[in-house]
Amino acid sequence: MRKCIFAIAALLFAATACDSSYVPGYDDGYRQYYLMTVRNTSDADINLFIPEHGDVDCSEVTGALPDSLTTALKNSMFRVDARSSIRIYVDNSGIISPIETYHPEDKVTFYFFDRKVLADSTWKTIVEQELWLKKVSLSAGELIDANKVLTY
Amino acid sequence: MKKSIIVAASAALAMTLSLSASAQRYYADGMQEYAYGSALELQGGFAGSIYNVNGEAGKASGLARGGEFKLRYTYYPGRHWGFFFDLTADNTSANGLNYFKVLNKADGAAYRYARNGYYGYGTFEDASLVAIQTGLAYRYDFGQWSLRPRIGVGIGSYSTTSDSYVRYKRDDSGDATFHYTYMNNDSRDYIEGNPTVYSGSSVPVLVTSASLQLTYSIGHHFFFSLEAGGKFCPTTIYGKRVTSQTKDAYNPQTWVEAVYDSELIGMKVEDPDTAVSENFSRMAGSMFNVNLGIGWNIGWNRYVSGKYARRR
């Protein structure tokens with residue numbers, strides 16, 4: 001009987017010691033911050049693209065999108081299906097997405113693309129022929145005033 | 001293991017029987033019920049304490065409110081006199097509008113006060129006392145009623161906490177200041193990123209108390225009680241009062257921060273670079289209480305005294 005009690009106590013102690021979730025106030029420091037909502041009111045499946053701060057560098061991008069996009073560019077491409085909306089978050093994981101390269105006073109340009117066009121065209125063609133559906137430049141204040149909702 | 005339990009149960013039973021039997025003491029005029037014995041009690045009720053604030057215009061006092069929980073054992077070896085042991089836990093808090101009224105008085109109505117909404121909410125002055133006491137008890141029974149004054153002495157643990165707040169000059173002659181106080185320990189660091197301070201240590205105190213209890217018995221054992229009393233446990237509270245200027249909470253470094261921190265627009269936070277601190281000390285440690293309770297007389301211990309004694 002005593003051995004059994006000792007064994008159970010030892011097991012409980014070991015489980016408590018090993019499981020980090022038992023540490024009071026344990027916090028891995030990871031945070032997610034809500035940035036904005038993108039709403040697609042059209043019947044087309046679209047992609048929202050947010051370029052890095054400054055001119056979009058096309059030199060590294062060849063072939064059809066989005067498979068040929070660099071990691072940074074992929075991080076700034078958001079799929080929004082027809083008649084739906086998505087919420088965009090940023091986090092403190094250390095992976096910098098392109099939108100985080102803008103200064104507080106900058107205006108960020110948002111590009112809306114038809115998803116079929118993105119799949120069938122090279123990035124160079126898209127830029128040269130301006131094959132986007134819509135282009136919107138917003139300051140942080142303007143986005144806040146719009147309740148952080150960007151609508152197509 | 002089983003043997004130990006049986007032995008302990010037997011001992012407890014023997015002790016109970018012994019108390020009950022010995023309580024039926026025979027006097028010259030016959031058996032006296034309730035001559036002596038024990039009583040166990042459980043109480044809960046209101047606790048309060050007076051606190052003082054030293055402000056720019058002078059001192060002001062306020063009433064901190066809270067509750068008390070009490071467990072008590074009393075033994076009466078005779079008709080009237082007995083002794084008791086009890087364990088009490090008190091907590092009083094000063095918060096909300098009443099607390100800021102006191103601050104306002106102490107500071108000569110120079111500031112408007114607000115909770116520090118950015119860092120959270122809490123109690124602004126909080127005092128806790130856990131004490132064990134022993135002392136002298138007296139009882140005077142009349143019918144089902146019994147009046148029981150007590151005085152006690154013991155030891156306890158007294159702790160205080162404080163919370164931070166923001167204040168603004170009423171005449172707009174200065175920036176807002178962020179204010180918080182360390183209590184009980186002048187070397188305490190504040191919790192990372194949060195100057196709301198919770199006292200992790202407590203001060204040992206000597207406790208003295210006085211109380212007056214009125215009980216009403218139903219049958220021979222069970223009784224209700226109403227008790228009022230006070231505890232005095234003088235101690236010096238040491239602390240560090242820190243005042244800082246505030247700065248705008250909204251200070252984005254990137255476009256993304258400018259968007260997701262938008263709820264901070266118009267809010268103020270502490271600017272640690274402007275912190276000025278001063279040490280202080282003050283006396284504290286008195287509480288009063290009004291409790292309701294229930295109790296149980298073990299054995300035949302309720303003595304009928306005074307004129308009612310002759311009826312038996």
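Cut-off values and rules
Residues numbered from 1 in each chain as written. Chains lettered and ligands numbered in written order. Predicted model: local features only at pLDDT ≥ 70, side-chain atom pairs only at ≥ 80, totals over all residues. Heavy atoms only, no water. Helix = DSSP H or I, 4+ residues; strand = E, 2+ residues; numbered from the N terminus. Buried < 20%, exposed > 50% of the residue type's maximum accessible area, 1.4 Å probe, protein only. Contact = heavy atoms within 4.5 Å. Areas by Shrake-Rupley, 256 points an atom, 1.4 Å probe, with all protein chains shown as cover. 1 Å grid on protein atoms, 1.4 Å probe; cavity = no way out; pocket = protein on both sides within 12 Å on 5 of 7 lines; lining within 4 Å. Points joined across faces, edges and corners; volume = space filled by probe spheres on them. Phe/Tyr/Trp six-rings, centres within 6.5 Å; stacked < 30°, edge-to-face > 60°. Buried area = accessible area lost by both parts, 1.4 Å probe. Polar contact = N/O pair within 3.5 Å; in protein donor to acceptor, adjacent residues only side chain to side chain. Nonpolar A, V, L, I, M, F, W, Y, C, P; charged D, E, K, R; others polar. Pairing = 2+ DSSP bridges. Axes fitted to C-alpha atoms, helices over the stretch in contact; angles between N-to-C directions. Salt bridge = Lys/Arg side-chain N within 4 Å of Asp/Glu carboxyl O.

Chemist: Which parts of the structure should I look at to understand the overall build of chain A?
Modeler: Of regular secondary structure, chain A possesses five helices and seven strands. Going from the N terminus to the C terminus, chain A shows its helices and strands as α-β-β-α-β-β-β-α-α-β-α-β. A total of 152 residues make up chain A; the buried ones form 32% of that total. The long-range fraction of contacts in chain A, counting pairs at least 24 apart against all pairs at least 6 apart in sequence, stands at 77%.

Chemist: So what exactly am I meant to see when it comes to the overall build of chain B here?
Modeler: For chain B, the count of helices and strands is three helices and 15 strands. Within chain B, the fraction of its 312 residues that count as buried is 44%. Partitioning the contacts of chain B with sequence separation of at least 6, the portion at a separation of at least 24 is 74%. Counting only carbon and sulfur atoms, one obtains 59% of the accessible surface of chain B, whose full area is about 15900 Å².

Chemist: Hey, could you run me through empty space enclosed by the protein in this one?
Modeler: A water-sized probe, rolled over the atoms, reveals where empty space remains. Residue and element names in this part refer to chain B. Under the counting rule described, the total for this entry stands at one cavity of 30 Å³ or more. Of the pockets and cavities examined, the largest cavity occupies roughly 80 Å³. Lining the largest cavity are 17 residues, and of these Lys70, Gln133, Ser209, Ala210 and Ser211 lie nearest its centre. Mapped onto the lining of the largest cavity, the elements with two or more residues apiece are β4 (59-76), β5 (81-94), β9 (145-162), β12 (203-218) and β13 (222-248). In terms of residue count, the dominant contributor to the lining of the largest cavity is β13 (four residues).

Chemist: I would appreciate a short explanation of the environment of B:Ile151 in the present structure.
Modeler: Residues and elements named next belong to chain B. Within the secondary structure layout, Ile151 lies in strand β9. Through-space distance from the C-alpha of Ile151 to that of Leu212 is 8.9 Å; in sequence the pair is 61 residues apart. What Ile151 contacts, discounting residues up to four positions off in sequence, is Phe84, Gly135, Leu136, Ser209 and Ala210.

Chemist: Got a minute to help me understand the packing of aromatic side chains in this structure?
Modeler: How two aromatic rings sit relative to each other is given by the distance of their centres and the angle of their planes. Evaluated as defined, the whole model comprises 18 aromatic pairs over all chains. With 4.4 Å between their ring centres and 5° between their planes, A:Tyr33 and B:Tyr260 make a pair best called stacked. Note that A:Tyr33 is positioned in strand β1 (residues 32-40) and B:Tyr260 in helix α3 (residues 255-260), a pairing that runs across two chains. For A:Tyr33, a relative accessible area of 28% translates into the label partly exposed.

Chemist: Quick question: what am I supposed to make of the environment of B:Val153 here?
Modeler: All names here are of chain B. As for its position among the elements, Val153 is in strand β9. Note on Val153: relative accessible area 40%, which makes it partly exposed. Along the chain, Val153 and Cys233 lie 80 residues apart, while their C-alpha atoms are 9.8 Å from each other. When sequence neighbours within four positions are dropped, the list of residues in contact with Val153 reads Gln133, Thr134, Leu206, Val207 and Thr208.

Chemist: What am I meant to see in the interface of chain B and chain A here?
Modeler: Interface extent is often summarised as the accessible area lost during association of the parts. On the side of chain A, 18 residues touch chain B, which itself brings eleven residues to the contact. Between chain B and chain A, the buried area comes to about 1100 Å², and carbon and sulfur atoms account for 76% of it. Across the chain B-chain A interface, the total number found is four residue pairs in polar contact (both at pLDDT 80 or more). Across the side of chain B that touches chain A, the residue classes tally to seven nonpolar, three polar and one charged.

Chemist: Just to check I follow, could you spell out the sheet that holds β1(A) for this structure?
Modeler: Pairing between the strands of a sheet is mediated by backbone hydrogen bonds and can be parallel or antiparallel. Residue and element names in this part refer to chain A. If you walk across this open sheet you meet the three strands as β4-β1-β7, and the pairing is mixed. Only two strands of the sheet have a single partner each, and these edge strands are β4 (84-91) and β7 (149-151). Sheet twist, expressed as the mean angle between neighbouring strand axes with direction ignored, is 25°. As defined by bridge partners, β1 adjoins β7 across three bridges and the pair is classed as parallel. Bridge pairing in β7 places Arg39 opposite Thr151.

Chemist: I'm lost on the sheet that holds strand β6 (residues 134-139) of chain A in this one. Help?
Modeler: Residue and element names in this part refer to chain A. The sheet built from four strands is open, its strands ordered β3-β2-β5-β6 with antiparallel pairing. The open sheet has two edge strands with one neighbour each: β3 (77-80) and β6. Averaged over neighbouring strand pairs, the angle between their axes works out to 25° when direction is ignored. Pairing of strand β5 (residues 107-114) with β6, which is carried by six bridges, proceeds in the antiparallel orientation.

Chemist: Got a minute to help me understand the side chain of B:Asp90 in this structure?
Modeler: Tracing the chain through its elements places B:Asp90 in strand β5. By relative accessible area, B:Asp90 is classed as buried at 3%.

Chemist: How should the pattern of salt bridges be read in this particular structure?
Modeler: Any two side chains of opposite charge can pair, given that their charged atoms come close. Residues and elements named next belong to chain B. In the structure shown here, the tally under the stated rule is eleven salt bridges over all chains. A salt bridge links Lys231 to Glu68; the shortest N-O distance between them is 2.4 Å. Of the two residues, Lys231 is situated in strand β13 and Glu68 in strand β4; the sequence distance between them amounts to 163 residues. As far as the burial class goes, Lys231 and Glu68 line up, both buried. Via salt bridges that share partners, Glu41, Glu68, Lys70, Arg72, Asp86, Asp90, Arg150, Glu227 and Lys231 belong to a single interconnected network.

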